[in-house]
Protein chains: 4
Amino acid sequence: MTVNSRPAGPVMLGQNQYGKAENRVVKITRDGATHHIKDLNVSVSLSGDMEEVHYSGSNANVLPTDTTKNTVFAFAKEYGIESAEQFGIHLARHFVTSQEPIHRARIRIEEYAWERIETSDANSRFIGADEVKHSFVRKGQETRLTQITYDGSTWEVISGLKDLTVMNSTNSEFWGYVKDKYTTLQEAHDRILATSVAGRWRFNWTTDEQKMPNWEKSYEQVKKHMLHAFAETYSLSLQQTMFQMGSRIINNRSEIDEVRFSLPNKHHFLVDLEPFGLKNDNEVYFAADRPYGLIEATILRDGCEPRIPVDLTNL
Amino acid sequence: MTVNSRPAGPVMLGQNQYGKAENRVVKITRDGATHHIKDLNVSVSLSGDMEEVHYSGSNANVLPTDTTKNTVFAFAKEYGIESAEQFGIHLARHFVTSQEPIHRARIRIEEYAWERIETSDANSRFIGADEVKHSFVRKGQETRLTQITYDGSTWEVISGLKDLTVMNSTNSEFWGYVKDKYTTLQEAHDRILATSVAGRWRFNWTTDEQKMPNWEKSYEQVKKHMLHAFAETYSLSLQQTMFQMGSRIINNRSEIDEVRFSLPNKHHFLVDLEPFGLKNDNEVYFAADRPYGLIEATILRDGCEPRIPVDLTNL
Amino acid sequence: MTVNSRPAGPVMLGQNQYGKAENRVVKITRDGATHHIKDLNVSVSLSGDMEEVHYSGSNANVLPTDTTKNTVFAFAKEYGIESAEQFGIHLARHFVTSQEPIHRARIRIEEYAWERIETSDANSRFIGADEVKHSFVRKGQETRLTQITYDGSTWEVISGLKDLTVMNSTNSEFWGYVKDKYTTLQEAHDRILATSVAGRWRFNWTTDEQKMPNWEKSYEQVKKHMLHAFAETYSLSLQQTMFQMGSRIINNRSEIDEVRFSLPNKHHFLVDLEPFGLKNDNEVYFAADRPYGLIEATILRDGCEPRIPVDLTNL
Amino acid sequence: MTVNSRPAGPVMLGQNQYGKAENRVVKITRDGATHHIKDLNVSVSLSGDMEEVHYSGSNANVLPTDTTKNTVFAFAKEYGIESAEQFGIHLARHFVTSQEPIHRARIRIEEYAWERIETSDANSRFIGADEVKHSFVRKGQETRLTQITYDGSTWEVISGLKDLTVMNSTNSEFWGYVKDKYTTLQEAHDRILATSVAGRWRFNWTTDEQKMPNWEKSYEQVKKHMLHAFAETYSLSLQQTMFQMGSRIINNRSEIDEVRFSLPNKHHFLVDLEPFGLKNDNEVYFAADRPYGLIEATILRDGCEPRIPVDLTNL
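Residues numbered from 1 in each chain as written. Chains lettered and ligands numbered in written order. Predicted model: local features only at pLDDT ≥ 70, side-chain atom pairs only at ≥ 80, totals over all residues. Heavy atoms only, no water.

Structural notes on the relation of the copies chain A and chain B
Operational definition: We superpose the copies by least squares over the C-alpha atoms of residues that have a pLDDT of at least 70 in both of them. Whether two residues are in contact is decided by their heavy atoms: any pair within 4.5 Å suffices.
Mapping chain A onto chain B calls for a rotation angle of 180° and an axial translation of 0.0 Å; the resulting RMSD is 0.0 Å. Viewed as a symmetry operation, the transformation between the two copies matches a two-fold axis. Proximity to the rotation axis, assessed at the C-alpha, singles out G140(A) in chain A; its C-alpha lies 2.5 Å from the axis. Interface residue correspondence from chain A to chain B reaches 100%, placing this contact among same-surface, isologous pairings.

Quick word on the relation of the copies chain A and chain D
Under the fitted operation, chain A is carried onto chain D by 0.0 Å of movement along the axis and a turn of 180°, and the coordinates agree to an RMSD of 0.0 Å. A high fraction, 100%, of the interface residues of chain A reappear at the interface in chain D, so the copies pair face to face through one surface.

Let's talk about the environment of V178(A)
To be explicit about the condition: In DSSP terms, a helix is any run of H or I states spanning at least four residues, a strand is any run of E spanning at least two, and both are numbered starting from the N terminus.
In this fold, V178(A) is placed in the loop between β8 (155-168) and β9 (193-203). The residues contacting V178(A), other than those within four sequence positions of it, are T183(A), N59(D), A60(D), N61(D), V62(D), L63(D), P64(D) and Q99(D).

Comments concerning the environment of R138(D)
Relative to the elements of secondary structure, R138(D) occurs in strand β6 (residues 135-138). Spatially, the C-alpha atoms of R138(D) and A113(D) are 6.1 Å apart, while their sequence positions differ by 25 residues. If we ignore the near neighbours within four places in the chain, the residues touching R138(D) are Q141(C), T165(C), Y112(D), A113(D) and W114(D).

Quick notes on unusual backbone geometry
To keep things clear, this is the line we draw: Buried means the residue's accessible area, taken with a 1.4 Å probe over protein chains only, is under 20% of the maximum for its type, while exposed means over 50%, and partly exposed covers the values in between.
Residue P291(B) is bonded to the preceding R290(B) through a cis peptide linkage, with omega at -10°. Following the sequence through the fold, P291(B) ends up in the loop between β12 (284-287) and β13 (292-301). Here N171(B), not a glycine, exhibits a phi torsion of approximately 60°, which is positive. Inspection of the secondary structure puts N171(B) in the loop between β8 (155-168) and β9 (193-203). When its relative accessible area of 17% is taken as the criterion, N171(B) is described as buried. Phi angles above zero are rare outside glycine, and N282(C) is one such case at about 55°. Assignment of secondary structure puts N282(C) in the loop between β11 (268-270) and β12 (284-287).

Details of the environment of R24(D)
So the rule is basically this: Polar contacts here mean pairs of N or O atoms no more than 3.5 Å apart (in protein, one a potential hydrogen donor and the other a potential acceptor; neighbouring residues in sequence count only if both atoms are side-chain atoms).
When you line up the elements, R24(D) lands in strand β2 (residues 23-31). C-alpha separation for the pair R24(D) and K77(D), spaced 53 residues apart in sequence, amounts to 14 Å. In this structure, R24(D) is in contact with R290(A), Y285(C), F286(C), A287(C), D39(D), L40(D), N41(D), F73(D) and Y112(D), ignoring residues within four places of it in sequence. Within the local environment of R24(D), its side chain forms a polar contact with the side chain of D39(D), the two groups lying 2.8 Å apart.

Things to note about the interface of chain A and chain B
Operational definition: Buried area is understood as the total, over both parts, of accessible area removed when two parts are fitted together, assessed with a 1.4 Å probe. Salt bridges are identified by distance alone: a Lys or Arg side-chain nitrogen within 4 Å of an Asp or Glu carboxyl oxygen.
Facing 68 residues of chain A, the contacting portion of chain B comprises 68 residues. Between chain A and chain B, roughly 6000 Å² of surface is buried when both sides are summed, and carbon and sulfur atoms account for 56% of that area. Together, K77(A), M167(A) and E232(A) form the three largest contributors to the area buried by chain A at its contact with chain B, with a combined 11%. Run the count over chain A and chain B and you get four salt bridges. Between D190(B) and R30(A) there is a salt bridge; the shortest N-O distance is 3.5 Å.

Let's talk about the nonpolar core
For clarity, the cut-off: Here, nonpolar core means buried Ala, Val, Leu, Ile, Met, Phe, Trp, Tyr and Cys residues that are tied together by side-chain atoms lying within 4.5 Å of each other.
In terms of nonpolar packing, the biggest core is built from 153 residues, with F87(B), F261(B), F87(C) and F261(C) touching the most fellow members. Once residues within four sequence positions are removed from consideration, F87(C) is found in contact with L40(C), V42(C), V72(C), F75(C), A76(C), G80(C), I81(C) and I109(C). Residues L40(A), L161(A), V197(A) and Y150(D) belong to the second largest nonpolar core, which totals 149 residues.

Notes on the pattern of salt bridges
Under the criterion given, the structure shown has 84 salt bridges over all chains. In this structure, K223(C) and E142(C) form a salt bridge, with 3.0 Å as the shortest nitrogen-oxygen distance. Here K223(C), found in helix α4 (residues 215-232), pairs with E142(C), found in the loop between β6 (135-138) and β7 (143-150); they are 81 residues apart in sequence, far enough to count as distant. If you follow the salt bridges from partner to partner, you end up with K38(A), E85(A), E111(A), R144(A) and E216(A) in one network.

A short note on the packing of aromatic side chains
Quick reminder of the rule: Note on aromatic pairs: the rings of Phe, Tyr and Trp (six-membered ring only in Trp) are paired at centre separations within 6.5 Å, and the planes decide the class, stacked below 30 degrees, edge-to-face beyond 60, tilted for the rest. Charges are assigned to positions over rings by a cutoff of 6 Å between ring centre and Lys NZ or Arg CZ, combined with an angular limit of 35 degrees from the ring normal.
Taken as a whole and judged by the stated rule, the model has 44 aromatic pairs over all chains. For the ring pair F286(A) and F73(B), a centre distance of 6.1 Å and an interplane angle of 85° mean the geometry is edge-to-face. Highlighted residues: F286(A) in strand β12 (residues 284-287) and F73(B) in helix α2 (residues 65-78), drawn from two different chains. Among the residues examined, F73(B) registers a relative accessible area of 4% and is labelled buried. An aromatic cluster is built from Y150(A), W155(A), F203(A), W205(A) and W215(A), whose rings are joined through pairwise contacts. Taking the ring centre of Y150(A) as reference, the NZ or CZ of R93(A) above it sits at 6.0 Å. Just above the ring of Y219(A) sits the side chain of R144(A); from NZ or CZ to the centre is 4.4 Å.

As structure tokens, this is what we get:
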């Protein structure tokens, strides 16, 4: 496009991006009779020299979103899916380096975990039970997340998870808070603390010159540290527990500089059984839906700049 | 009510029921420092001598739904929650035997499983790590179901599960089907077979005189048999796999007389990579959302009457 | 299939059905520059001589679900979509009459309504504003439903809707109910009554010899009568309001013999503002999610048999 | 707190906020027999001097989230709900000005529209039909949004909507795009263009000294301009249509300086009916779920700074 057809008048185009969202790609790898699954939901978002398509509808600089979809599936064959992060890096590099008008690619990926169905029965009909290496059940716990952004020189990798629901049935208190004219809450010295973790963490791997982290191991370790911090913190507030969760990651995983949490306080209210002549000794709770507390923070390695958007929220 | 105020005219009241749905009760049991969770969603539905409330709005025979909610929470304290089935039996018996106008109670329960957070770190702040016996993560796999119906003399217990997603990455074929003028499907000799199991099974325990099944063990065994049958069946159609899943339950669990499945065929389409000069050797699949095949059947013990409604469907 | 390969042993096949669910078909009809939309979600379910596919995996009697999908789209062209009911009748008749092993077809359809975008501006860029007859906004209110069942001789048509949320902000009371030891509810003499209507109604059109109802007009009239009955009933219980809604349909629509409702009582609790020195004179409510009352009933024309399954529930 | 108990080590606290999310408040205003509804979902998020609660769990600066909930309900009584924006302004001002440690409040509100049930029947039982001024049906179309942010001196008001689904059944093309080795898409010269609008727009009202916009009228006008621009643009790409929608707002509404859209391209694929001997003359479409194009941009008044976060996305 040589002619910029920006309309006359007071209107300007700001940040813009486009691509194909939610490409559901499943990759089966066969190691003899033993199969392996990678199950991803891949969203591509591209930016660059895209004024014209907004101004005049000229698609001369537009790689169709359908093409970005095809590329996701083709790359699953060409590169395999070693990890969601590595797969996103292949894709982002491709879009930025192969199309001149594209200056930036952001790849978001959700990953769903599967585990093998263990069989030991002797009553298999066609095959010996110990040969069943192609049968899986979806794990169904958290959804793993990653977001890869590349501008041709610098990488930003933010991984994370959502929908990991945890509960401490004791060792949580809440008291000593501000009381104003709208405060009716009673202080609690032994309550349930439960949340559904939505967390994201940013890697300090930013250039091809650096050694790439082991993405799979990093994920497992981060999840472990988060869960341990949640379990082991005697909590006086969900903020304190959240900060411990983030600190544990920063302290133990040198590849990570920043963590962001968005934690709903999934209230479990002690039910008043007195009207029925019963004493509720921290036994029977009502699990409420709405409203819920929502506690969010960034936890950073000292001296690092925060880059994870604060609006990647649960809400 | 001595006066039946049925309106004049051609209108009749048919089957009716009412109650409080989705009471989210969480029960914590403390065995010293070791805690146990039961996490249920309990729905109460009552029927009986309820014409008047429909005709005139007289609530003289109506136990409020709010009271049924209170009863759920009170019973969690009074009886504990040994199993979802046992808890439902306590509730159903109570409503039918304590209120003369109530002739039938149906209790539906969803149960969400939790597992312990395993900790072994030495860096616990307040407590020794091996003391953490009150920290849980939601398992997040299938939702367990039960439905208890009681009319004052006979019990019907239908248990089940939903959202258990399984996949075989080979050993599935589909060919030899009817071809009419609208048929374009190519025969498949090695395809992915995946489904999200929604299943229900009916117990032959119907009276208080019979020995009650071990509900917890029964559930674990039924789930195991279903998964094994899914994994071990070399499949020529999802119907065949489904029938094997049901048969395995009937053959192995004498407490169960009837099984009903509603199985979406979660299509994984092999992506055509030829336009990109690539060969897709059963490696790269597109996981489709809609439309999907939906395969449903009842599998019965010989001589038994089917009682599970066919409309407890996925759709 | 001449050989029935029913497995030895105590296992029997019961009711079974299969087909392609959730075919999302959109039909545009062009009347010159004026376009019309029909937007449906069509699910096909077939039954018949299907033992073998369950026993041995032989697909010799199985019309593929993929073919049933193709048929939905082809019929949208061949017959158009006059109404969801008429479209389902075409499909059901086709499957039962064209394939010998298929003895029964059930077609379920959801319909989404659209309305025209009204334009009157003079600043249209390419076209005169009053020519814009191809632009629509989804109405977004209730989802219309129908279910057509055909066994080769008799039709059953059950239509309905879901997700129609209604509220009366006064003229609702609840008192005079049973009080047992678990009752804490206070009587209410002016409360909000709100529900999300899920209703189904059965037509007495059952054979090709009868004159077919005007499906579109019938739907509009039934919806109108339901809404009017809801608005005009001074309510002493949701059951009473529900019975009025059903009665109004039976009394006014001779083509309908049976109605079934599943009505969640969407509780709006008056908030206690006394702790803040404020009087809440039926002004400020908390709209609760769970638990909720669930009120269900069949309302019938005198002398008719109920046929709408009671398990087509909201739960 | 006089002692800052920031832990030793490399960990820092970054941006943090907390509050009660999703307070479902319904306000009924009675103008004689004529009632009016405001139905909101209000989320409060507060920031300020909150280090200690993260470091040590001291709640000395923490106004409980339960109190923020109470405040929402109390303010519905004290101030009424003139508009979502005005209600959010009352709340934000209160939190920032009444609690010294709170330096910033962000109020997010969803609003659900209701319309009156029109009645004209003569068969009302208790009341004259034309007196029914307290009966409503939820409109069910888009959800209206607003977000109010206040730091004690400057206001930021970003309003918007989501889930407004629109379709043009013609006057949309897509051709002339980049073709690389992964491109298989055929050019289209008459296609369906459909999207579910998620939009946000920022007001240039930022201080109490300025005249406040008429929030209700502004919303109606912005929605109208968006719909008209969608209907009246002959589209060569969704980007072009989106830019027109934003431009129309900027050009017509002087109170708004910035618009951000996140528009899924809800693909309607023309079904290939040739295998069945049928010609599909832009009549029968398959409405696909995933994947979908996702087109996002900011449209600004010339010279204004973009402030709407780009991550308030559909994805």
